[in-house]
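Spelled out from the first residue to the last, the chains are:
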Amino acid sequence: MENEALIRLAAFLGLFALFTLIETLAPRRGRALSRSQRWTTNFAIIIIDGLTTRVMAVFLPLLAVGAALDASAQGWGILNLLPLPTWVSVIAAMIILDFAIWFQHMVFHKLPLLWRLHRVHHADRDIDVSTALRFHPIEIAASMLIKIGVVYLIGAPALGVILFEIVLNGSAMFNHANMRLPLDVDRVLRQFLVTPDMHRVHHSVHRDETDSNYGFCLSIWDRIFRTYTDQPRDGHDQMVIGLEWQDERPGKLGWSLMLPFQRK
């Protein structure tokens, strides 16, 4: 669609700058590693992930938005078979895609092979706006294939996919940001949305807390499927973020990229 990439880039850069500013002015926690060390690695991973999707675009005829346009042209997918107004299809697609991301996230925690990939994200010893985009490139590729499949299955309209991508990136940066929200605001927001305090529990070193709060945008899925944890047992100030590697290694690019292939 016209100007799609530009719109998504502008939204990403604007929200990244906003949440970076907020977490700088009102941080929730102190840092275990320096921002410069972590961000060098995390941004390198982000660049590699971007190149991965570019390579996929060469070998795959369609990515997510293209799949939506193709599904619409062919009349494939559930939403294309129903006589719904466009705005209803767009909202329905965004909600279904959000659930699909929640379910995928849970599966990546439960299956050992997929957890090997996903733990690159969780190995980060601090959680901030850059953590939202720290995923192993193989996980990015797998996630894209899953997303394409879901788009075809439900017949998501292209506008719904574009808006979902913007909301997904924005909400992920929001709930990973090291920002301090007033407790009353957090309490209200988390009834509907995943807040930074809610998602921080998911990055706890305790595995039972790591295996909870899987949502990226809507908080209802964790409540419905009873995977919701309200607060970390050690408190937000004292809780340990990351996995068993509580040293300098998670801040290094080579180590992070090779983590899925380590025996342990």
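**Student:** Describe the environment of Asp128, and please don't skip the residues or the numbers.
**Tutor:** Counting through the fold element by element, Asp128 comes out in the loop between α6 (112-122) and α7 (137-154). Each C-alpha atom, one on Asp128 and one on Glu23, is 7.8 Å from the other, the two residues being 105 residues apart in sequence. Among the polar contacts made by the side chain of Asp128, one reaches the side chain of Arg38 at a distance of 2.8 Å. Of the polar contacts made by the side chain of Asp128, one reaches the side chain of Ser130; its length is 2.7 Å.

**Student:** Requested: an account of the pattern of salt bridges, with residues and values cited.
**Tutor:** Applying the stated criterion to the full structure yields 17 salt bridges. Taking the shortest distance from any N to any O, the salt bridge between Arg31 and Glu23 comes out at 3.9 Å. The class of Arg31 is partly exposed, set by a relative accessible area of 33%. The partner of Asp197 in a salt bridge is Arg28, and the shortest N-O contact between them spans 3.2 Å. Highlighted residues: Asp197 in helix α10 (residues 196-202) and Arg28 in the loop between α1 (4-25) and α2 (35-59), separated in sequence by 169 residues. Sharing partners across several salt bridges, the network here consists of Glu23, Arg31, Arg35, Arg38, Asp124, Asp126 and Asp128.

**Student:** Tell me about the packing of helix α3 (residues 64-74) against α7, residues and numbers included.
**Tutor:** Where α3 contacts α7, the axes come no closer than 9 Å and their chain directions differ by 20 degrees. Classified by the angle their axes make, α3 and α7 are roughly parallel. Note on packing geometry: the crossing formed by α3 with α7 is right-handed. Taking contact as the criterion, the partners of Ala64, Ala67, Ala68, Asp70 and Ala71 in α3 are, on α7, Met144, Lys147, Ile148, Val151 and Tyr152.

**Student:** With reference to specific residues and values, describe the packing of aromatic side chains.
**Tutor:** Overall, the coordinates contain 13 aromatic pairs when judged by the stated rule. Ring geometry for Phe99 versus Trp221: centroids 5.1 Å apart, planes at 65 degrees, classification edge-to-face. In this pair, Phe99 sits in helix α5 (residues 86-110) while Trp221 sits in helix α12 (residues 220-224), placing the two residues 122 residues apart along the sequence. One aromatic cluster is present, built from ring pairs that chain together Phe99, Trp102, Phe103, Tyr214, Trp221 and Phe225.

**Student:** Tell me what's going on with the layout of surface pockets, and back it up with residues and numbers.
**Tutor:** By volume, the largest pocket is sized at about 1,400 Å³. Forming the walls of the largest pocket are 34 residues, and the residues nearest its centre are Arg8, Thr53, Met144, Glu165 and Asn169. Of all elements in the fold, only α1, α2, α3, α5, α7 and α8 (158-176) reach the threshold of two or more residues within the lining of the largest pocket. Here the element with the most residues in the lining of the largest pocket is α2; it accounts for seven residues. Partitioned by chemical class, the residues of the lining of the largest pocket number 19 nonpolar, eight polar and seven charged.

**Student:** Any chance you could break down α1 for me, citing the residues and the numbers?
**Tutor:** When the terminal C-alpha atoms of α1 are compared, their 32 Å separation across 22 residues agrees well with the 32 Å that a helix rising 1.5 Å per residue should span. Along α1, the residues classified as buried are Glu4, Phe16, Phe19, Thr20 and Glu23. Considered in projection along α1, the buried side chains sweep an arc of 110 degrees and stay on one side of the axis. When the buried face of α1 is taken as reference, the exposed residues oriented beyond 90 degrees from it are Leu6 and Leu25. Contacts made by the buried residues of α1 are with α2, α3 and α8.

**Student:** Can you tell me about the nonpolar core, naming the residues and giving the values?
**Tutor:** Ranked by size, the top nonpolar core spans 37 residues in total, and within it Phe19, Leu97, Val151 and Val161 carry the most contacts. Contributions of two or more residues to this core are made by α1, α2, α3, α5, α7 and α8. No other element matches the eight residues that α8 contributes to this core. The contacts of Val151, once residues within four sequence positions are left out, are Ala64, Ala67, Ala68, Leu97, Ala156 and Val161.

What counts and how
Residues numbered from 1 in each chain as written. Predicted model: local features only at pLDDT ≥ 70, side-chain atom pairs only at ≥ 80, totals over all residues. Heavy atoms only, no water. Helix = DSSP H or I, 4+ residues; strand = E, 2+ residues; numbered from the N terminus. Polar contact = N/O pair within 3.5 Å; in protein donor to acceptor, adjacent residues only side chain to side chain. Salt bridge = Lys/Arg side-chain N within 4 Å of Asp/Glu carboxyl O. Buried < 20%, exposed > 50% of the residue type's maximum accessible area, 1.4 Å probe, protein only. Axes fitted to C-alpha atoms, helices over the stretch in contact; angles between N-to-C directions. Parallel < 35°, antiparallel > 145°, perpendicular 65-115°, else oblique. Left-handed = near helix turned anticlockwise from the far one by under 90°. Contact = heavy atoms within 4.5 Å. Phe/Tyr/Trp six-rings, centres within 6.5 Å; stacked < 30°, edge-to-face > 60°. 1 Å grid on protein atoms, 1.4 Å probe; cavity = no way out; pocket = protein on both sides within 12 Å on 5 of 7 lines; lining within 4 Å. Points joined across faces, edges and corners; volume = space filled by probe spheres on them. Nonpolar A, V, L, I, M, F, W, Y, C, P; charged D, E, K, R; others polar. Expected span 1.5 Å × (residues − 1). Arc of directions from axis to C-beta. Core = buried A, V, L, I, M, F, W, Y, C linked by side-chain atoms within 4.5 Å.

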